[in-house]
Amino acid sequence: MAWTLEQLNAASPAEALQMLDGLYEHSPWIAEAALQLRPFRSLAQLKYAMVQVLNGAGVERQLELIRAHPELAGKAMVAQALTAESTNEQSQAGLTHCTPEEFARIQQLNTDYNARFGFPFILAVRGPRGTGLSRQEIIATFARRLSNHPDFERAEALRNIHRIAEIRLNDKFGAEPVLGNDVWDWHERLAQHSDPGYAEKGQLTVTYLTDAHRACAQRISHWMRDCGFDEVEIDAVGNVVGRYKPATPDGKYLMTGSHYDTVRNGGKYDGRLGIFVPMACVRELHRQAKRLPFGIEVVAFAEEEGQRYKATFLGSGALIGDFRNEWLDQKDADGIPMREAMQHAGLCIGDIPKLRRDAARYLGFIEVHIEQGPVLNELDIPLGVVTSINGGVRYVCEMLGMASHAGTTPMDRRRDAALGVAELALYMEQRAARDGDSVATIGMLQVPGGSINVVPGKCSFSMDMRAPTDAQRDAMVADVLAQLEEIAQRRGLQYKAELAMKVAAAPSAPAWQHRWEKAVDALGVPVYRMPSGAGHDAMKLHEIMPQAMLFVRGLHGGISHNPLESSTADDIQLAVDAFSHVLQQLAAE
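Residues numbered from 1 in each chain as written. Predicted model: local features only at pLDDT ≥ 70, side-chain atom pairs only at ≥ 80, totals over all residues. Heavy atoms only, no water.

With reference to specific residues and values, describe the overall build of the protein chain.
A tally of helices and strands in the protein chain yields 21 helices and 16 strands. Against the globule reference of 25 Å for 589 residues, the protein chain gives a C-alpha radius of gyration of 26 Å, in line with a compact fold. By principal-axis analysis of the C-alpha atoms, the protein chain measures approximately 75 × 75 × 45 Å. When burial is assessed residue by residue, the protein chain has 54% of its 589 residues classed as buried. Restricting to contacts in the protein chain with at least 6 residues of sequence separation, those with at least 24 account for 77%. For the protein chain, the accessible area works out to roughly 25,100 Å², and carbon and sulfur atoms hold 51% of it. Computed over 60 positive and 74 negative side-chain charges, the separation of the two mean positions in the protein chain equals 2 Å. (Helix = DSSP H or I, 4+ residues; strand = E, 2+ residues; numbered from the N terminus. Rg over C-alpha atoms; globule rule 2.2 N^0.38 Å. Buried < 20%, exposed > 50% of the residue type's maximum accessible area, 1.4 Å probe, protein only. Contact = heavy atoms within 4.5 Å. Areas by Shrake-Rupley, 256 points an atom, 1.4 Å probe, with all protein chains shown as cover. Lys, Arg positive; Asp, Glu negative; His and termini not counted. Charge placed at Lys NZ, Arg CZ, Asp CG, Glu CD.)

Below, the structure is given as structure tokens:
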């Protein structure tokens, strides 16, 4: 029999603790402390309460908890001495049926891991979907995490323990993230399409108007029809547009969506999460035969990443009238012009100007996106409300000094171009940190024709600087350029700094940000506000209508643009619930 939240809230302390028995391995004190915070509005609130208890318990108690867990496929499993919960989990992951080679490999990894960290390897083997990781995935994760820093690995072990507890709690309360599972499955199925050269390696790459890209568009369009959208089309730039009509013909539309193209060897969730979450919400409205006072337009943007052609935000840009005809003559690495690729895909180039939206017909634009960073993951918070999409600038630079003999040139007579850039890089780190939420990066640094015994006479480098507001960004840029000038003068160097890109910040519209905040609060999880350091389609729509974004926690340190990019079905379910809540707010307004 599954428990209910109402029963938990009404139970005596002893009864409530019994209901939560076994969530944390041999450590009932976590649930006991969390229960002091009753009543809970949701299971998500209870989960976070337990996270807070453990976070505040101190390192020694955290290590005690980690060490209370058995090794994967270890002695306790062989001796059948695991708890019922651990037995179930290791069995679901197939660890009770390892081949001799797999068992030997895991035993060696257990030994190496314990020697490095002093505690057993912890992994939520039922995985992000709750149905179990494969033995190959477990072994690969085990091997990868061996190289982590000890402090990071201890935190990663605790995060996996919280995930184990989350799944166990779901089992006890009969809670299944049904819509989160569906959205998670859509990601997996869409990821079957990948460009040649990557598909053969099991890597995900979907660039603009390749066969894989067009297959994705077809798959999304069919799913939209299955979800009950009234109109579905692939427009003149390849966007997949689904419209769910309002209750009255004159109703405005809420626009939402994200992109379905990827970076090379990227992840499954970047962009696509923002397509599938609203699709699930529309499907539920359709199943209930329910119309809202406004329509919902979900746009799967064809291009955002700029991977095949240098034309980022092509899909969302077309909707605001920002499609540049000179892009059509750009050629990809195989010499194929964009114009030819579009014609081959059957797109009507002449119709592109017609894609521009009349902002007066829309309430605004909202976007759900995986965070693509470590913040929510480190804080153990499932959702984040975006306050602003950072404005950014990029420079392509060159520092010029004098190449000279590394053995015969005294240190006080050198004009070392690389050291000048190194000094600048350290200043950029300090200057960005001073703001708290600015970031500055020298992502490319090269000594052309460098030699091991030559003082660098030339250094090519890039600068990328971002901040939540244009004023904050511009102040940082001014300081960095002034420091570049000072370094060059003092070291006897010359430099070139060419502005390569400048993008305005896109602050969230206060009313729309507040709607996300109300939705997140209604779920019982913390309302955490944060800027977006990455660019998103929302920053293009921001030019003609109000916008606001919701971030969803990622796994593996929040890594993105990487095959490890992932999220749990439970976190995705919370995103679907939050999106539905925003729809309800708008309908009530």
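Please set out the layout of surface pockets residue by residue, giving values where relevant.
Space left empty within the atom packing is revealed by a probe, the size of a water molecule, rolled over the atoms. One number sums up the size of the second largest pocket: a volume of about 1,200 Å³. Along the wall of the second largest pocket there are 43 residues; nearest its centre are F313, R394, R466, M501 and G535. Looking at the lining of the second largest pocket, the elements with two or more residues in it are β7 (391-400), β13 (494-503), β15 (529-532) and α20 (538-541). In terms of residue count, β13 provides more of the lining of the second largest pocket than any other element does, four residues in total. Here the residues of the lining of the second largest pocket sort into 17 nonpolar, 14 polar and 12 charged. (1 Å grid on protein atoms, 1.4 Å probe; cavity = no way out; pocket = protein on both sides within 12 Å on 5 of 7 lines; lining within 4 Å. Points joined across faces, edges and corners; volume = space filled by probe spheres on them. Nonpolar A, V, L, I, M, F, W, Y, C, P; charged D, E, K, R; others polar.)

Could you give me a rundown of empty space enclosed by the protein, with the residues and numbers involved?
Taken as a whole and assessed by the stated rule, the structure comprises one cavity of 30 Å³ or more. Estimated volume of the largest cavity: approximately 150 Å³. Taken together, 16 residues make up the lining of the largest cavity; nearest its centre are L72, S86, E89, L123 and I164. Looking at the lining of the largest cavity residue by residue, the classes come out as nine nonpolar, three polar and four charged.

Which residues make up the packing of aromatic side chains, and what values go with them?
In this structure the tally under the stated criterion is 12 aromatic pairs. Ring geometry for Y113 against F117: centres 4.6 Å apart, planes inclined by 50°, an arrangement best described as tilted. On the criterion of helical spacing, the pair formed by Y113 and F117 is a turn pair, its members being four residues apart in helix α8 (residues 100-117). According to the relative accessible area criterion, Y113 is buried, its value standing at 0%. Their ring planes at 85° and their centres at 5.4 Å tell us that F323 and W327 sit as a pair that is edge-to-face. As far as the burial class goes, F323 and W327 line up, both buried. Three or more aromatic residues joined by ring pairs form one cluster here, namely Y113, F117, F119, F121 and F142. A cation over an aromatic ring shows up here: R61 above the ring of W29, its NZ or CZ 3.8 Å from the ring centre. (Phe/Tyr/Trp six-rings, centres within 6.5 Å; stacked < 30°, edge-to-face > 60°. Lys NZ or Arg CZ within 6 Å of the ring centre and 35° of its normal.)

Mind laying out the packing of helix α11 (residues 178-190) against helix α21 (residues 569-588), listing which residues take part and the relevant values?
Interhelical geometry of α11 versus α21 gives an angle of 110° and a closest axis separation of 7 Å. In terms of axis orientation, α11 runs roughly perpendicular to α21. Residues V178, L179, G180, N181, V183 and W184 of α11 touch α21, and the partners they reach there are A569, I572, Q573 and V576. A class-by-class count of the residues in the contact of α11 with α21 yields seven nonpolar, three polar and no charged. (Axes fitted to C-alpha atoms, helices over the stretch in contact; angles between N-to-C directions. Parallel < 35°, antiparallel > 145°, perpendicular 65-115°, else oblique.)

Explain helix α4 (residues 43-55) residue by residue, including any values.
Compared with an ideal rise of 1.5 Å per residue, which puts 13 residues at 18 Å, α4 spans 18 Å between its outermost C-alpha atoms and is within 8% of the ideal. Burial of α4 is extensive: 10 of the 13 residues sit out of reach of the surface. Buried within α4 are the following residues: L43, A44, L46, K47, Y48, A49, M50, V51, V53 and L54. Considering only its buried residues, α4 is in contact with α1 (5-10), α3 (29-34), α5 (59-67), α10 (150-173), α16 (375-379) and α21. (Expected span 1.5 Å × (residues − 1).)

Break down the pairing of strand β5 (residues 362-370) for me, citing the residues and quoting the values.
Summarising burial for β5: eight of the nine residues are buried, a large majority. Pairing of strand β3 (residues 253-259) with β5, which is carried by four bridges, proceeds in the parallel orientation. Among the inter-strand pairings, Y253 is bridged to a residue of β5, identified as Y362. Relative to strand β16 (residues 547-552), β5 is paired through six bridges, and the arrangement is parallel. Residue I366 lies in a different strand from β16, and its bridge partner there is A548. (Pairing = 2+ DSSP bridges.)

I'd love a proper account of the side chain of D322, names of residues and values included.
For D322, the position within the fold is in the loop between α14 (314-319) and α15 (338-344). Here the side chain of D322 touches K540 through a polar contact of 2.7 Å, side chain to side chain. Not counting the four nearest positions on each side in its chain, D322 is found in contact with G317, W327 and K540. (Polar contact = N/O pair within 3.5 Å; in protein donor to acceptor, adjacent residues only side chain to side chain.)

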